[in-house]
Amino acid sequence: MSAVTIFVPRDSAALSVGAEETATAISAEAARRNIEIRLVRNGSRGMLWLEPLVEVQTPAGRIAYGPVAAHRVPDLFDAGFTSGANHALAWGPTAEIPYFKNQERLTFARVGVTDPLDLDAYRAHAGFRGLETAVGLEPAAIVAAVTTSGLRGRGGAAFPAGIKWNTVLRAPGAQKYVVCNADEGDSGTFSDRMIMEGDPFVLIEGMTIAGLATGATQGFIYLRCEYPHAKRALDAAIGAAYARGFLGENILGGGRRFDLDVRLGAGAYICGEETSLLESLEGKRGQVRFKPPLPALEGLFGKPTVINNVITLATVPIILERGAEYYRDFGMGRSRGTLPIQLTGNIKHGGLVERAFGVSLRELLYDYGGGSASGRPIRAVQVGGPLGAYLPESRFDTPLDYEAFTAIKGMLGHGGIVAFDDTVDMAAQARYAMEFCALESCGKCTPCRIGSRRGVEVIDRLVAGNDASKQEALLRDLCETMTVGSLCALGGLTAYPVLSALEHFSEDFHSTLRAAGAQ
Amino acid sequence: MSSASSPNNSTASRRVISIKPERGASLTPQERSAVLAACDRLKALPGALLPILHALQDAVGYVPPDAVPLIARELNLSIAEVHGVVSFYHFFRTSKPGRHVLQLCRAEACQSVGGAALEAHAKHSLAVEFHGTTADGAVTLEPVYCLGNCALGPAIMLDDRLHGRINAERFDALIAAARRRDGATTGGPA
């Protein structure tokens, strides 16, 4: 009998709940029973509530078991899980689990399927086909494909990627750069991390295509230092790509050069803002730059620079592989393609759901998420990170679409959804938003640097009932000043969580109402 | 100017009190060689300062304040520029940490599943505030704003390892295990 292939994820979320111990236990138990196995360390399928999710290759496909704690392993062997036998932890074929089956996985097509550091597995699953197409195209044709696809920046700002690339292509300059923004600081987001750990070659491929499209020969991945596991995966993948000619002086034999390095951030949220990130890459304090000049014209070290989020760049290969129209035909309105959505916080089935734009919050929270983890009603969700609005249930039918979220004074951002049950104190959340802005402000502009500190104080006085109506007016006025007067999105968007909490959950801000609610 | 070649400039005949003390004088030999090694290896990189600070903190656990003038000299930057960078970034610390660094997530997703209670437990059981080190030198507690484990919170990172679904009991077990490992390696009491 040939060896049974068993998959145990090496994604850090899976490791955080014991996947390493599970993998060790499976190897030991197989050895003890003289069962020959081939252990593959894949990425995560994104069904994080089932982690560690173990899969067994059978003639009927991959069979899922989860969550498999190390101490359950002998029991699984007893039940015959190496031939896909039934068990209390069995979920049947992974591809048929509704949470997974009902997704449209384009950017995440390989994540959880392959060993992320196995370059041959990457190629066997359509890897580097986008790059092969790009090598045969003129730069303008690559840019045109990205423009036609409708791909918009997935970091949060949703600026059309093709327009940005075209500006860099047309900018004069002997040296140009491609910078990947991997400073994924928003709470409630981890899709960048999952790509970098679960399919790092797709990011390398996307950045190389961006280089070919714009004439840039050097790329940098600016990675947050809170992701050491992703750093290891990227370093290993970049080494393998160089060894096989997918990076370096002669990309796929086409005679063009592209080099790639990983640089670490140092715990500053503001460095997710693109100009601040560029300052940081140059070895300086991460202070925001004035725009113009645009980074596309004067970016890293003053040179024309493509700067895009991880997901944006990792989506480019499939656009080149399948064609711009294929990608564009997913989605709604001006939001084309798919969005990797992260279901997080107080949610029963947290994880990653990649869907075409247009899916509603309610579908995500209940059909996928299964409601709150605590079993209590979901009272509020924050969409789009710490600068995103808090939304009440009356907004749960909003489709995930950039414009639809703008219309309800929210933002989709990087696709993170954080659920809170009815024990949440929304005044405390509003205060935290101001506190976070104060902590992370780069200090360059006054509305953000000072306004956020005054904001904490005003909310404290408001909640204490100290001349509440005056404090509320003051808070609204302060929010307006920060919104229109701040240099970048940090100060400019902090009003979103604050004012949405005040608008939808005003009872939490007024001490008399709070007291009445407590009785 | 001619002052440099003035005949009165002989040091042999008078005592010279230096107004520019030697850079990095208070560093231990190990720290000093870590600074110089990081600079030698990395200073040719464009934007070398952050990689050098990371390499130094990886090697000795922190960025000693007296390393700043030395790095400035090696990179031909002003001391103010290097100090400005070290102080801007939360990750760089300027005092020696404990044997383990514990980063506890304070961000919204972890708040929604009891992050604040875990924070209170951590501070109480370790008897430290944020940025503090336990009396036995085992653990330094740091706040962090998102570890990217938002579906499996509350999350912490102990040294380089991420842990999810942490409650008070799992927290205590992880700390106890870290202390036991210290005891095993140093041969001291657990």
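Values in this document were obtained by computation on a predicted structure and should not be read as measured data.

K.L.:
Account for the overall build of chain B, with residues named and values stated.
P.N.:
In terms of helices and strands, chain B carries seven helices and four strands. Its helices and strands taken in sequence order, chain B reads α-α-α-α-β-α-α-β-β-β-α from the N to the C terminus. For 190 residues, the compact-globule formula gives about 16 Å, and the C-alpha radius of gyration of chain B, at 22 Å, lies well above that figure. For chain B, the spread of C-alpha atoms along the principal axes amounts to about 75 × 40 × 25 Å.

K.L.:
I'd like a rundown of the overall build of chain A, residues and numbers included.
P.N.:
Counting secondary structure elements, chain A contains 23 helices and 16 strands. Its C-alpha atoms give chain A a radius of gyration of 24 Å, within 12% of the compact-globule value 24 Å for 519 residues. By principal-axis analysis of the C-alpha atoms, chain A measures approximately 80 × 65 × 40 Å. The buried share of chain A, reckoned over its 519 residues, is 58%.

K.L.:
A description of the packing of helix 9 (residues 191–198) of chain A against helix 13 (residues 310–322) of chain A should follow, citing residues and the corresponding values.
P.N.:
Residue and element names in this part refer to chain A. Put simply, helix 9 and helix 13 touch, their axes get as near as 9 Å, and they point 50 degrees apart. It follows that helix 9 is oblique to helix 13 by the angle criterion. Classified by chirality, the crossing of helix 13 by helix 9 is left-handed. Facing Ser191, Asp192, Ile195 and Met196 of helix 9, the residues of helix 13 in contact are Val310, Ile311 and Ala314. Per-class residue counts for the contact of helix 9 with helix 13 are five nonpolar, one polar and one charged.

K.L.:
I'd like to hear about the sheet that holds strand 4 (residues 161–163) of chain B, residue by residue, with values.
P.N.:
Residues and elements named next belong to chain B. Spatially, the four strands line up as an open sheet ordered 2-1-3-4, and their pairing is mixed. Only two strands of the sheet have a single neighbouring strand rather than two, namely strand 2 (139–144) and strand 4. Along the sheet, successive strands turn relative to each other by an average axial angle of 25 degrees, direction set aside. Here three bridges tie strand 1 (residues 100–105) to strand 3 (residues 156–158), and the two strands are oriented antiparallel to one another. The residue of strand 3 that forms the bridge with leucine 102 is leucine 158. Relative to strand 1, helix 6 (residues 115–126) is tilted by about 150 degrees, and along the sheet it contacts strand 1 and strand 2.

K.L.:
Talk me through the nonpolar core; I want residue IDs and the actual numbers.
P.N.:
Val179, Leu203, Ile204, Ala210 and Val381 of chain A are the most contacted members of the largest nonpolar core, which has 211 residues in total. Here this core takes nine residues from helix 10 (residues 200–214) of chain A, the largest share from any one element.

K.L.:
Give a description of the interface of chain B and chain A that names residues and reports values.
P.N.:
Chain B puts 34 residues into the contact, and the matching count from chain A is 47 residues. Counting residues per element, the side of chain B that touches chain A draws most heavily on helix 2 (residues 49–60) of chain B, at four residues. Here the side of chain B that touches chain A is built from residues that sort into 22 nonpolar, nine polar and three charged.

K.L.:
Now, about the sheet that holds strand 13 (residues 351–356) of chain A: what can you tell me, with residues and values included?
P.N.:
Ordered by their spatial adjacency, five strands build an open sheet running 13-12-16-14-15 (chain A), and the pairing between neighbours is mixed. Looking along the sheet, the strands with just one partner apiece sit at the ends: strand 13 and strand 15 (390–391) of chain A.

K.L.:
Break down unusual backbone geometry for me, with residues and values.
P.N.:
For the bond from proline 292 of chain A to proline 293 of chain A, the omega torsion is 5 degrees, close enough to zero to count as cis. Counting through the fold element by element, proline 293 of chain A comes out in the loop between helix 12 (274–281) and strand 9 (305–309). The linkage connecting glycine 153 of chain B with the following residue, proline 154 of chain B, adopts the cis geometry, with an omega of -5 degrees. One can find proline 154 of chain B in the loop between strand 2 and strand 3. The phi torsion at aspartate 159 of chain B lies on the positive side, around 55 degrees, for a residue other than glycine. Structurally, aspartate 159 of chain B can be placed in the loop between strand 3 and strand 4.

K.L.:
Report on helix 10 of chain A, specifying residues and quantitative values.
P.N.:
All names here are of chain A. The end-to-end C-alpha distance of helix 10 is 22 Å, a good match for the 21 Å that 15 residues give at a rise of 1.5 Å each. Of all 15 residues in helix 10, 15 are buried, a share of seventy percent or more. Looking one or two residues past helix 10, glycine 215 carries a phi angle of roughly 85 degrees, positive in sign.

K.L.:
I'd like a rundown of the pairing of strand 14 (residues 378–383) of chain A, residues and numbers included.
P.N.:
Residues and elements named next belong to chain A. For strand 14, the buried fraction is high: six of the six residues fall into the buried class. Bridge count for strand 14 against strand 16 (residues 416–421) is five bridges, and the pairing is antiparallel. By the bridge assignment, valine 381 is partnered in strand 16 with alanine 419. Linkage of strand 14 to strand 15, two consecutive antiparallel strands, is achieved through a turn of six residues, within which glycine 384 is found at a positive phi near 95 degrees.

K.L.:
Which residues make up helix 15 (residues 361–368) of chain A, and what are the values?
P.N.:
Residue and element names in this part refer to chain A. Residues of helix 15 that are buried include every one of Leu361, Leu364, Leu365 and Tyr368, and no others. Here the buried residues of helix 15 occupy an arc of 120 degrees about the axis, which is enough to place them on one side. Taken together, the buried residues of helix 15 touch helix 4 (98–101), strand 12 (338–345), strand 13, strand 14 and strand 16. With its phi angle positive at about 70 degrees, glycine 370 sits one or two positions after the end of helix 15.

K.L.:
How would you summarise the packing of helix 17 (residues 426–440) of chain A against helix 19 (residues 451–463) of chain A if you had to cite specific residues and measurements?
P.N.:
Residue and element names in this part refer to chain A. With their axes 7 Å apart at the nearest point, helix 17 and helix 19 run at an angle of 160 degrees to one another. One way to sum up the angle between helix 17 and helix 19 is to call them roughly antiparallel. Note on packing geometry: the crossing formed by helix 17 with helix 19 is left-handed. Between helix 17, through Ala427, Ala430, Arg431, Met434, Glu435, Cys437 and Ala438, and helix 19, the contact on the second element is made entirely by Ser452, Arg453, Gly455, Val456, Ile459 and Val463. Taken together, the residues of the contact of helix 17 with helix 19 sort by class into eight nonpolar, two polar and three charged.

K.L.:
Please set out the confidence of the model for chain B residue by residue, giving values where relevant.
P.N.:
Residue and element names in this part refer to chain B. Per-residue confidence for chain B gives a mean pLDDT of 91; residues scoring 70 or more make up 90%. Long-range and interchain partners of residues 1–7, a stretch whose pLDDT sits below 50, account for zero contacts in this model, where long-range means more than four residues apart. Overall fold confidence for the complex sits at a pTM of 0.95, while the interface term, ipTM, reaches 0.95.

K.L.:
Pulling in residues and values, what's your account of the environment of leucine 475 of chain A?
P.N.:
Residue and element names in this part refer to chain A. Residue position: leucine 475 is located in helix 20 (residues 468–485). Once the C-alpha coordinates of leucine 475 and valine 498 are considered, the two residues, 23 residues apart in sequence, prove to be 9.0 Å apart. Once you skip the residues sitting within four places of it in the chain, leucine 475 turns out to touch Val458, Ile459 and Leu462.

K.L.:
Tell me what's going on with the environment of threonine 133 of chain B, and back it up with residues and numbers.
P.N.:
Residues and elements named next belong to chain B. Position of threonine 133 among the secondary structure elements: in the loop between helix 6 and strand 2. For threonine 133, a count of 19 C-beta atoms within 10 Å corresponds to the partly exposed category. Spatially, the C-alpha atoms of threonine 133 and glutamine 111 are 24 Å apart, while their sequence positions differ by 22 residues. Excluding its chain neighbours within four sequence positions, the residues that come into contact with threonine 133 are Pro97, Gly98, Val128, Val139 and Thr140.

K.L.:
Lay out the environment of valine 86 of chain B in plain terms, naming residues and giving numbers.
P.N.:
Residue and element names in this part refer to chain B. For valine 86, the position within the fold is in helix 4 (residues 79–88). Residue class for valine 86 comes out buried when judged on the 22 C-beta atoms lying within 10 Å of it. Residues valine 86 and leucine 50, 36 residues apart in the sequence, show an inter-C-alpha distance of 8.7 Å. Leaving out residues up to four positions away in the same chain, valine 86 has contacts with Leu53, Val63, Val68, Phe92 and Thr94.

Conventions we followed
Residues numbered from 1 in each chain as written. Chains lettered and ligands numbered in written order. Predicted model: local features only at pLDDT ≥ 70, side-chain atom pairs only at ≥ 80, totals over all residues. Helix = DSSP H or I, 4+ residues; strand = E, 2+ residues; numbered from the N terminus. Rg over C-alpha atoms; globule rule 2.2 N^0.38 Å. Buried ≥ 20, exposed ≤ 12 C-beta atoms within 10 Å, placed from the backbone. Axes fitted to C-alpha atoms, helices over the stretch in contact; angles between N-to-C directions. Parallel < 35°, antiparallel > 145°, perpendicular 65-115°, else oblique. Left-handed = near helix turned anticlockwise from the far one by under 90°. Contact = placed C-beta atoms within 7 Å. Nonpolar A, V, L, I, M, F, W, Y, C, P; charged D, E, K, R; others polar. Pairing = 2+ DSSP bridges. Core = buried A, V, L, I, M, F, W, Y, C linked by C-beta atoms within 7 Å. Expected span 1.5 Å × (residues − 1). Arc of directions from axis to C-beta. pLDDT = per-residue confidence, 0-100.

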